[in-house]
Amino acid sequence: MRGNASVAVIIPALNEEQAIGLVLSAIPDWVDTVIVADNGSTDRTRRVARAHGATVVSEPRRGYGAACLAGLAAVENCSRRPEIVVFLDGDFSDKPGEMARIVDPIAAGKSDLVIGSRVLGNPEPGSLTPVQRLGNLLAVTLIRMIWGVRYSDLGPFRGIRYGRLDELGMNDRDFGWTVEMQVKAARAHLAISEVPVAYRPRIGTSKISGTVKGSYLAGKKILTVIFAHYVESLRDGGAHLPGRTG
């Protein structure tokens, strides 16, 4: 079903030397380009990634979104511009072998954005903390209430049509990256779908959900992004809000 659609994979990574080789080895061979966006690792992440054939770019300024943006900048230099960009984490919590579930609806012209939902995929015990579950539920509930789009998760494993991603103008440089994409996609009326994906406990220590401070900052940023876009929608006359025509 993927046909001739070119696919680029972007993997933000920070100190993932134990996991990144496993992630890269599990990526399907039909993927055209794999970019590891190293976010200032102090271990062997970059060396292991290169040894597994990935293109490695560096973004020393810490932030999940900053790493994703660095990966996207590298995509511009690809010999073949991708039609689909897939994002997944470098800690082996996602299963790269399930990538066809993400890519096929986009390649078939059915979706612009496909979110790999951990919630729908029955995550393994211990892979999603209670704080993560609560934060996800609150965020997707607010998005549904404000923009009328139903999500079940803010999962990092996702794919998007490259041209539509460029139109979204992503700019968040830290914890708000995933929710920014989903809110902007809702506001732009993209064709959005979710597919169930497996999720397992990560290898190594989480930089966000593994600490109280990280969880608090991530939750705060997610809510801030949603509120900022809600205010922006109101300033635009509410044209993108359910029941409002501006």
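The preceding data block contains the structure.
Residues numbered from 1 in each chain as written. Predicted model: local features only at pLDDT ≥ 70, side-chain atom pairs only at ≥ 80, totals over all residues. Heavy atoms only, no water.

Novice: Any chance you could explain unusual backbone geometry here in plain terms?
Specialist: Note on backbone geometry: most residues besides glycine have negative phi, and most peptide bonds are trans. Look at Asn15: it is not a glycine, yet its phi comes out positive at around 55 degrees. With respect to the helices and strands, the residue Asn15 is situated in the loop between strand 1 (7-13) and helix 1 (20-25). Despite not being glycine, His189 has its phi angle at roughly 60 degrees, a positive value. Here His189 falls in the exposed class, since its relative accessible area comes to 59%. (Helix = DSSP H or I, 4+ residues; strand = E, 2+ residues; numbered from the N terminus. Buried < 20%, exposed > 50% of the residue type's maximum accessible area, 1.4 Å probe, protein only.)

Novice: Sorry, what's going on with the pattern of salt bridges here?
Specialist: Going through the model one piece at a time under the given rule, you end up with 14 salt bridges. With its nearest N and O atoms 3.5 Å apart, the salt bridge here joins Asp112 to Arg164. In this pair, Asp112 is assigned in the loop between helix 4 (99-107) and strand 5 (113-117) and Arg164 in helix 6 (residues 162-168), connecting sequence segments 52 residues apart. According to the relative accessible area criterion, Asp112 is buried, its value standing at 12%. Exposure remark for Arg164: the relative accessible area of 24% places this residue in the partly exposed category. (Salt bridge = Lys/Arg side-chain N within 4 Å of Asp/Glu carboxyl O.)

Novice: Is there a simple way to think about the sheet that holds strand 3 (residues 55-58) in this case?
Specialist: Either a parallel or an antiparallel arrangement is found when strands of a sheet pair, and the pairing is made through backbone hydrogen bonds. Overall, mixed pairing links the seven strands, which are arranged 3-2-1-4-6-5-7 in an open sheet. Each edge of the open sheet carries a strand with a single partner, namely strand 3 and strand 7 (192-196). For this sheet, the mean inter-axis angle between neighbouring strands, taken without regard to orientation, is 20 degrees. Summarising the sheet, strand 5 and strand 6 (residues 158-161) pair through three bridges and their orientation is antiparallel. (Pairing = 2+ DSSP bridges. Axes fitted to C-alpha atoms, helices over the stretch in contact; angles between N-to-C directions.)

Novice: How should the environment of Asn136 be read in this particular structure?
Specialist: Among the secondary structure elements, Asn136 is positioned in helix 5 (residues 130-147). Asn136 gets classed as buried once you look at its relative accessible area, which sits at 7%. Those residues within four positions of Asn136 in sequence are excluded, and the remaining contacts are Arg118, Asp153 and Leu154. (Contact = heavy atoms within 4.5 Å.)

Novice: It is not clear to me how the nonpolar core should be interpreted in this structure. Could you clarify?
Specialist: Generally speaking, nonpolar side chains in soluble globular proteins are found buried as a group. Membership of the largest hydrophobic core comes to 40 residues, with the highest contact counts inside it found for Phe87, Tyr151, Met181 and Ile226. Considering every element that reaches this core, the biggest residue donor is helix 3 (residues 64-75), with seven residues. Non-local contacts of Ile226, meaning those with residues more than four positions away in its chain, are made with Ala139, Leu142, Ile143, Ile146, Trp147, Val179 and Val183. By size, the runner-up hydrophobic cluster in this structure holds 29 residues, among which are Leu24, Val36, Val48 and Ala54. (Core = buried A, V, L, I, M, F, W, Y, C linked by side-chain atoms within 4.5 Å.)

Novice: Whenever I open this one, the side chain of Lys184 confuses me. Can you help?
Specialist: Mapped onto the elements of the fold, Lys184 is located in helix 7 (residues 177-187). Relative accessible area serves as the criterion here: at 12%, Lys184 is assigned to the buried category. Of note is the side chain of Lys184, whose polar atom sits 3.3 Å from the backbone oxygen of Leu168. Discounting chain neighbours no more than four positions away, the residues touching Lys184 are Leu168, Gly169, Met170, Asn171 and His229. (Polar contact = N/O pair within 3.5 Å; in protein donor to acceptor, adjacent residues only side chain to side chain.)

Novice: Sorry, what's going on with the pairing of strand 1 here?
Specialist: Every regular strand shows the same layout, with side chains that alternate between the two sheet faces. By the criterion of burial, strand 1 is predominantly enclosed, with seven of the seven residues buried. Here strand 1 shows two buried faces, one formed by Val7, Val9, Ile11 and Ala13 and the other by Ala8, Ile10 and Pro12. Pairing geometry for strand 1 and strand 4 (residues 84-87), over four bridges, is parallel. Its bridge partner being in strand 4, Val9 is matched across the sheet by Val86. Across six bridges, strand 1 lies against strand 2 (residues 33-38) in parallel orientation. If you follow Ile10 over to strand 2, its bridge partner there is Ile35. Each parallel crossover has a hand, and for strand 1 linked through helix 1 to strand 2 it is right-handed. (Right-handed = clockwise from strand over helix to strand, strands pointing away.)

Novice: Help me understand helix 7, please; the structure alone is not making it clear to me.
Specialist: In an α-helix, one turn spans 3.6 residues, which is why side chains three or four residues apart end up on the same side. Among the eleven residues of helix 7, eleven are classified as buried, and the element is accordingly described as predominantly covered. Buried within helix 7 are the following residues: Trp177, Thr178, Val179, Glu180, Met181, Gln182, Val183, Lys184, Ala185, Ala186 and Arg187. Downstream of helix 7 by one or two residues, His189 has phi in the positive range, about 60 degrees.

Novice: Sorry if this is basic, but what is going on with the side chain of Asp89 here?
Specialist: For Asp89, the position within the fold is in the loop between strand 4 and helix 4. Buried charge Asp89 goes without a salt bridge, the closest partner of opposite sign being Arg118 at 6.2 Å. Not counting chain neighbours up to four residues away, the residues in contact with Asp89 comprise Ile11, Pro12, Val23, Tyr64, Asp94 and Pro156. (Lys, Arg positive; Asp, Glu negative; His and termini not counted.)

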